[in-house]
Amino acid sequence: EELQTVSETQEFQAWMRANELESHEISGIFHLLDDGNDGVLTFDEFFQGVMRLRGGARQVDMISLMSETKRVMDSMQELRDSFSKTFNPDVVAGLRAVTARSR
């Protein structure tokens, strides 16, 4: 909510344009930069993240894809850990091989 309020100021919108980003994308940018998925970004995290996103749509798309890939890999790791507590060690070894090839 705080970022939404700030994003409506002329100064912030000018800063976003200067960094080749659209201010209407602020919500998506926030979620993209929120690695912890906790809804909290420090100013430094936000600033550094925006600096990574500079360079137009291709860079934004690439960083978005990398972020989503990391989240999927983390979910796969959690699933594998859960399976290792429940299933046969041979099944778990097969899952490890699949996730190792994906990285």
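Residues numbered from 1 in each chain as written. Predicted model: local features only at pLDDT ≥ 70, side-chain atom pairs only at ≥ 80, totals over all residues. Heavy atoms only, no water.

Engineer: Give me the confidence of the model for the protein: which residues, what numbers.
Structural biologist: Residues of the protein with pLDDT of at least 70 account for 90%, and the chain-wide mean is 78. Taken element by element, the predicted model of the protein shows its lowest mean pLDDT in helix H6 (residues 89–102) (73) and its highest in helix H2 (residues 10–18) (84). (pLDDT = per-residue confidence, 0-100. Helix = DSSP H or I, 4+ residues; strand = E, 2+ residues; numbered from the N terminus.)

Engineer: Which residues make up the layout of surface pockets, and what values do they have?
Structural biologist: Roughly 380 Å³ of volume is contained in the largest pocket. If you go around the largest pocket, you meet 17 residues; those closest to its centre are Glu2, Leu3, Gln4, Phe30 and Leu41. Contributions of two or more residues to the lining of the largest pocket are made by helix H1 (2–7), H2, helix H3 (26–33) and helix H4 (43–53). Looking at the lining of the largest pocket residue by residue, the class counts come to ten nonpolar, five polar and two charged. (1 Å grid on protein atoms, 1.4 Å probe; cavity = no way out; pocket = protein on both sides within 12 Å on 5 of 7 lines; lining within 4 Å. Points joined across faces, edges and corners; volume = space filled by probe spheres on them. Nonpolar A, V, L, I, M, F, W, Y, C, P; charged D, E, K, R; others polar.)

Engineer: So what about H3? Which residues, and what values?
Structural biologist: Buried within H3 are the following residues: Ile26, Ile29, Phe30, Leu32 and Leu33. Buried positions in H3, seen along its axis, are confined to an arc of 165° and lie on one side of it. (Buried < 20%, exposed > 50% of the residue type's maximum accessible area, 1.4 Å probe, protein only. Arc of directions from axis to C-beta.)

Engineer: Which residues make up the nonpolar core, and what values do they have?
Structural biologist: Within the largest apolar cluster, 13 residues are counted, with the highest numbers of intra-cluster contacts made by Met16, Leu21, Ile29, Leu33, Phe46 and Leu53. Among the elements that make up this core, the one with the highest residue count is H3 (five residues). Those residues in contact with Ile29 that sit more than four places away from it in its chain are Met16, Leu21, Glu22, Phe46 and Leu53. (Core = buried A, V, L, I, M, F, W, Y, C linked by side-chain atoms within 4.5 Å. Contact = heavy atoms within 4.5 Å.)

Engineer: Report on the packing of H3 against H4, specifying residues and quantitative values.
Structural biologist: Running from amino to carboxyl end, H3 crosses H4 at an angle of 105°, the nearest separation of the two axes being 10 Å. Overall, the two elements H3 and H4 adopt an arrangement that is roughly perpendicular. Here Ile26, Ile29, Leu32 and Leu33 of H3 come into contact with H4, specifically with Glu45, Phe46, Gly49, Val50 and Leu53. The class makeup of the residues in the contact of H3 with H4 is seven nonpolar, one polar and one charged. (Axes fitted to C-alpha atoms, helices over the stretch in contact; angles between N-to-C directions. Parallel < 35°, antiparallel > 145°, perpendicular 65-115°, else oblique.)

Engineer: Tell me about the environment of Phe12, residues and numbers included.
Structural biologist: Inspection of the secondary structure puts Phe12 in helix H2. Between the C-alpha atoms of Phe12 and Asp34, which are 22 residues apart in sequence, the distance is 19 Å. Phe12 has contacts with Leu3, Val6, Ser7, Ile26 and Phe46, leaving out every residue within four places of it along the chain.

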